[in-house]
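Structure assessment
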Amino acid sequence: MKFNADEIASVIQQEIEQYDSQIDVREVGTVLEVGDGIARVHGLTGVAAGEMVEFPGGITGLAFNLEENSVGVIILGDYLTINEGDEVKAMGQLLSVPVGEAVLGRIIDPLGNPLDGKGPINTTERRNVETIAPGVAERQPVHEPMQTGLKAIDAMTPVGRGQRELIIGDRKTGKTAIAIDAIINQKNTGVKCFYVAVGQKDSSVAAVVDQLEEAGAMDYTTVIISGASSPAPLQYIAPYSGTSMAEYFMYNGEHCLVVYDDLSKQAAAYRELSLLMRRPPGREAFPGDVFYCHSRLLERSVKLSAELGGGSITSLPVIETLEGEVSAYIPTNVISITDGQIYLQPDLFFAGIRPAMNAGISVSRVGGAAQVKAMRNVSGSLRLDLAAFRELEAFAQLGTDLDAATQSRLDRGYRMVELLKQQQYSPMNVVDQIMVIFAGTKGYLDKVPTNKVGEWESLFLEFIHDKKQDVWDLLDQNKDNKDAMKKADHPATQAVVAAIEEFAANHKF
Amino acid sequence: MSASGSGNLAYDTERQYIGTVYAKGLLGAAEKANQVTQVVDELESIVVDVLPQLPKLKLLLESPRVPMEVKEKVLNQSFSAGSSVLLTFLKVVCRHGRFDCLRVISRTATALLQEQTGVVEVRVTTAELVPESMHEELKTKLGQILEKQVVIRTETDADILGGLVVRVGDTVFDGSVANQLSQIRRTAVDQAMQQIRQSLDRFAVDAS
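Remember, it's a predicted structure, so these values are computed and weren't measured experimentally.

Here is what the cut-offs are and how they apply
- Residues numbered from 1 in each chain as written.
- Chains lettered and ligands numbered in written order.
- Predicted model: local features only at pLDDT ≥ 70, side-chain atom pairs only at ≥ 80, totals over all residues.
- Heavy atoms only, no water.
- Helix = DSSP H or I, 4+ residues; strand = E, 2+ residues; numbered from the N terminus.
- Buried < 20%, exposed > 50% of the residue type's maximum accessible area, 1.4 Å probe, protein only.
- Contact = heavy atoms within 4.5 Å.
- Areas by Shrake-Rupley, 256 points an atom, 1.4 Å probe, with all protein chains shown as cover.
- 1 Å grid on protein atoms, 1.4 Å probe; cavity = no way out; pocket = protein on both sides within 12 Å on 5 of 7 lines; lining within 4 Å.
- Points joined across faces, edges and corners; volume = space filled by probe spheres on them.
- Nonpolar A, V, L, I, M, F, W, Y, C, P; charged D, E, K, R; others polar.
- Pairing = 2+ DSSP bridges.
- Axes fitted to C-alpha atoms, helices over the stretch in contact; angles between N-to-C directions.
- Buried area = accessible area lost by both parts, 1.4 Å probe.
- Salt bridge = Lys/Arg side-chain N within 4 Å of Asp/Glu carboxyl O.
- Parallel < 35°, antiparallel > 145°, perpendicular 65-115°, else oblique.
- Left-handed = near helix turned anticlockwise from the far one by under 90°.
- Domains from an automatic or database assignment.
- Polar contact = N/O pair within 3.5 Å; in protein donor to acceptor, adjacent residues only side chain to side chain.
- Expected span 1.5 Å × (residues − 1).
- pLDDT = per-residue confidence, 0-100.

Per the secondary structure count, chain B includes 9 helices and 4 strands. From first element to last, N terminus to C terminus, chain B shows the α and β order α-α-α-α-α-α-β-α-β-β-β-α-α. When the backbone C-alpha atoms are referred to their principal axes, chain B occupies close to 95 × 40 × 30 Å. Looking at chain B residue by residue over its 208 residues, the buried ones come to 38%. For chain B, the proportion of contacts with a sequence separation of at least 24, taken over those separated by at least 6, is 64%. Accessible surface computed for chain B: about 12,400 Å², of which carbon and sulfur atoms make up 53%.

Put into structure tokens, the structure is as follows:
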């Protein structure tokens with residue numbers, strides 16, 4: 001489109017005519033030294049911790065360290081253009097980012113600047129990046145499910161809206177894949193998604209964005225990027241700014257899902273800043289307040305009380321471990337902050353069990369209350385059964401002769417493991433999940449060869465959707481009934497059993 | 001409008017701690033002798049007027065290789081015209097090998113004295129040199145506003161184009177033409193951008 005220059009000129013002229021000259025009062029300081037994303041400033045006597053400051057050329061910074069004779073400032077931008085002796089101006093306000101509907105579908109940096117070339121973020125609303133989490137009276141317990149669309153997770157470690165569920169594992173174990181599937185599964189649920197990429201290769205983020213676009217998930221998703229080439233201060237604030245954007249929707253009574261990918265890189269960025277600022281290093285050279293850095297972030301994921309609209313932020317923080325070392329500093333910290341963790345293991349991953357979730361040490365501390373009732377009825381003991389199966393499997397490898405009961409438990413276990421495998425980027429509806437897990441746990445798969453379980457599943461779901469949509473609808477209506485799929489005489493249970501038997505009669509494996 | 005001028009060098013964090021200790025000591029000694037203002041003025045004159053002119057004298061007094069007797073002799077010969085308190089102080093500074101901190105000591109002593117006597121230093125920047133008469137006028141005006149006794153230091157900076165920039169402590173009151181122009185520019189551009197975003201049609205040229 002073309003612009004009319006005269007019209008723009010008239011607006012500018014109007015502004016100049018109305019301009020009311022005022023003396024500009026500002027608190028200033030002088031740059032003493034600058035480098036590595038931080039600056040030391042003399043002056044700025046009245047500056048508050050966390051206040052924004054401005055360097056020449058419009059680069060902003062944050063007052064980070066208030067010392068006796070100088071102020072340590074973290075620079076949110078290109079620090080190479082700042083020189084010793086430059087004037088620094090206190091702005092008298094805290095760091096904020098643009099929020100609102102306009103950020104959805106966009107790819108932005110942690111300060112809210114667009115990176116996708118789709119023009120400016122068209123919003124006038126802003127929120128502070130650092131806000132205090134809601135208090136006890138403003139919350140309510142987690143009670144609604146947040147379906148991830150992954151059978152293994154929705155059945156064994158269910159996530160509720162307002163929960164913080166950690167995804168932890170070594171590199172290349174499918175951590176991001178779980179988060180992306182969870183985002184894709186929020187399609188048509190009204191849940192707004194935020195994917196915060198911290199310290200990642202820009203190529204991996206581009207691949208994630210491609211996947212989201214392909215799945216049609218970018219319409220309700222915001223991607224906040226501070227890649228591996230961004231300065232440490234931007235990597236440090238990225239999760240907070242992503243949360244601020246989500247909070248806007250939460251306080252308007254809507255639901256959000258925030259993925260922090262990943263918090264170990266953010267902790268490393270914070271360590272870098274703290275060491276440059278000469279804060280004393282502690283364990284693994286992290287500063288003393290690295291726990292607070294994560295706890296105050298994750299405390300902002302909340303299920304708000306009904307009076308405040310009942311909105312929620314569910315967060316899926318990601319932590320990368322080294323050689324499965326969960327007892328390192330940052331993993332233990334974040335494990336203790338979150339409401340459960342999904343632990344991904346490389347050996348499972350390479351054995352083809354994907355998602356490579358270790359059922360034994362993965363937990364969800366609050367999600368059980370939020371799980372769909374019918375799902376709880378079919379998967380109640382699944383996690384413990386699978387853990388017991390792993391033990392039995394290890395024992396069976398000794399090659400001893402097994403009695404029939406043990407052998408049948410082993411066979412059931414092999415089939416359940418097969419059944420819980422799932423392709424990437426293909427989240428499943430909860431009703432589908434309930435049906436197949438029901439079939440598995442009740443022994444309807446015992447006659448299906450282990451290597452045919454995947455085939456059975458896809459054919460069975462095809463059969464249900466093509467020929468038994470009424471059964472599907474019945475279960476969908478009854479999924480929150482506490483007797484559904486539990487009592488054999490419940491109509492939904494009866495209908496599903498009948499469908500499974502009909503399918504078994506017509507299909508031989 | 002970057003910081004410039006000899007009295008406005010970058011802040012020296014490392015020497016500041018030492019400077020504060022020595023400055024307090026000097027003020028205490030001068031107070032006993034009842035010549036505080038005189039001593040501080042003389043010290044400032046040494047730092048500003050003498051040492052930059054005689055870099056070799058500075059090097060000699062700072063050098064650890066020159067024996068103390070020689071330094072004392074030089075100090076006696078050079079500064080015996082001044083007050084005895086200052087001469088003794090300079091010797092003490094020399095003996096402790098802290099002559100390199102003299103600039104910081106002088107600046108801190110001046111600041112401490114101003115703080116004690118309720119005097120504020122105001123830096124006024126103008127585009128061109130201002131006649132002395134205006135200084136007096138400014139001084140009384142600012143004194144009334146700040147309710148303190150005011151010492152004015154003037155600087156010129158052609159970049160501000162016109163008007164006055166007054167700096168009290170770390171607060172800058174910027175009434176310069178350059179700043180006003182940049183403010184007009186910023187608000188005009190912001191407003192125009194906002195209006196364009198609100199109603200694109202108004203600014204679009206018809207394709208026909």
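Looking now at empty space enclosed by the protein. Residues and elements named next belong to chain A. Across all of its chains, the model carries 1 cavity of 30 Å³ or more by this definition. Lining the largest cavity are Pro-145, Met-146, Gln-147, Asp-154, Pro-158, Val-159, Gln-371, Val-372, Met-375 and Val-430. Split into classes, the residues belonging to the lining of the largest cavity amount to 7 nonpolar, 2 polar and 1 charged.

Adjacent strands of a sheet form backbone hydrogen bonds with each other and so pair up, either parallel or antiparallel. Residue and element names in this part refer to chain A. Spatially, S8-S12-S11-S13-S14-S10-S15-S16 is the arrangement adopted by the 8 strands of the open sheet, whose pairing is mixed. In this open sheet, the two strands that pair with only one neighbour each are strand S8 (107-108) and strand S16 (363-364). One ladder, built from 6 bridges, connects strand S11 (residues 192-198) with strand S13 (residues 255-261); its direction is parallel. Residue pairing in the sheet places Lys-192 in a bridge with Cys-256 of S13. Packing of helix H6 (residues 263-276) onto the sheet brings it into contact with S11, S13 and strand S14 (312-320), and relative to S14 it is tilted by some 75°.

To continue, consider the interface of chain B and chain A. Tallying the contact residues gives 30 residues for chain B and 34 residues for chain A. Note on chain B versus chain A: buried area summed over both sides is about 3,100 Å², and carbon and sulfur give 58% of it. Taken together, the links from chain B to chain A amount to 1 salt bridge. For Asp-174 of chain B, the salt bridge goes to Arg-26 of chain A, with nearest N and O atoms at 2.9 Å.

Here we take up the packing of helix H5 (residues 232-250) of chain A against H6 of chain A. Residues and elements named next belong to chain A. Two elements in contact, H5 and H6, have axes separated by 8 Å at closest approach and are oriented at 135°. Overall, the two elements H5 and H6 adopt an arrangement that is oblique. H6 is crossed by H5, and the crossing has left-handed handedness. Contacts between H5 and H6 pair Ala-232, Pro-233, Gln-235, Tyr-236, Pro-239 and Tyr-240 from the former with Leu-263, Lys-265, Gln-266, Ala-269, Tyr-270, Glu-272 and Leu-273 from the latter. Among the residues making up the contact of H5 with H6, the classes are represented as 9 nonpolar, 2 polar and 2 charged.

Here the focus is the domain arrangement of chain B. Residues and elements named next belong to chain B. What the domain assignment lists for chain B is domain 1 (6-115) and domain 2 (119-198). Centre-to-centre separation of domain 1 and domain 2, based on C-alpha positions: 34 Å. Taken together, the connections running from domain 1 to domain 2 amount to 1 salt bridge. Where Glu-44 meets Arg-153, a salt bridge forms, and the shortest distance between an N and an O atom there is 3.5 Å. Our count for the contact surface shared by domain 1 and domain 2 stands at 1 residue pair in polar contact (both at pLDDT 80 or more). A breakdown of the residues in the side of domain 1 that touches domain 2 according to their chemical character gives no nonpolar, 2 polar and 2 charged.

What follows concerns unusual backbone geometry. Residues and elements named next belong to chain A. Of note, the amide linkage connecting Asp-261 to Asp-262 takes the cis form, showing an omega dihedral of 0°. Within the fold, Asp-262 resides in the loop between S13 and H6. Look at the link from Arg-354 to Pro-355: it is a cis peptide, with omega at 0°. Along the chain, Pro-355 turns up in the loop between helix H9 (346-350) and S16. If you check the backbone angles, Asp-36 has positive phi at about 55° while not being a glycine. We note that Arg-278 has phi near 60°; this positive angle belongs to a residue other than glycine. Within the secondary structure, Arg-278 sits in the loop between H6 and helix H7 (290-298). The class for Arg-278 is exposed, based on a relative accessible area of 65%.

Before going further, it helps to spend a moment on helix H6 (residues 102-117) of chain B. All names here are of chain B. Counted at 1.5 Å a residue, the expected span for H6 with its 16 residues is 22 Å, and the 22 Å between its end C-alpha atoms agrees. Every buried residue belonging to H6 is among Leu-102, Val-104, Ile-105, Ser-106, Thr-108, Ala-109, Thr-110, Leu-112, Leu-113 and Gln-114, and all of these are buried. Looking at the buried positions of H6, the neighbouring elements they touch are helix H1 (13-33), helix H2 (36-50), helix H5 (84-95) and strand S1 (119-126). Immediately downstream of H6, the backbone of Gly-118 shows phi near 75°, a positive value.

Residue and element names in this part refer to chain B. Residues at a pLDDT of 70 or more form 93% of chain B, whose mean pLDDT is 85. Taking the mean pLDDT of every element in chain B, the minimum, 75, falls on helix H9 (residues 200-203) and the maximum, 92, on H5. Ignoring residues within four places in sequence, the model shows residues 1-9, a span with pLDDT below 50, making 13 contacts including any to other chains.

Take the domain arrangement of chain A next. Residue and element names in this part refer to chain A. You can read the domains of chain A as domain 1 (28-93), domain 2 (98-371) and domain 3 (378-506). Placing the centre of domain 2 and that of domain 3 at their C-alpha centroids yields a distance of 31 Å. Each partner contributes to the interface: domain 2 provides 25 residues, whereas domain 3 provides 22 residues. Regarding the contact of domain 2 and domain 3, the summed buried area is about 1,900 Å², with carbon and sulfur atoms giving 60% of it. Across the domain 2-domain 3 interface, the total number found is 1 salt bridge. If you look at where domain 2 meets domain 3, you find 12 residue pairs in polar contact (both at pLDDT 80 or more).

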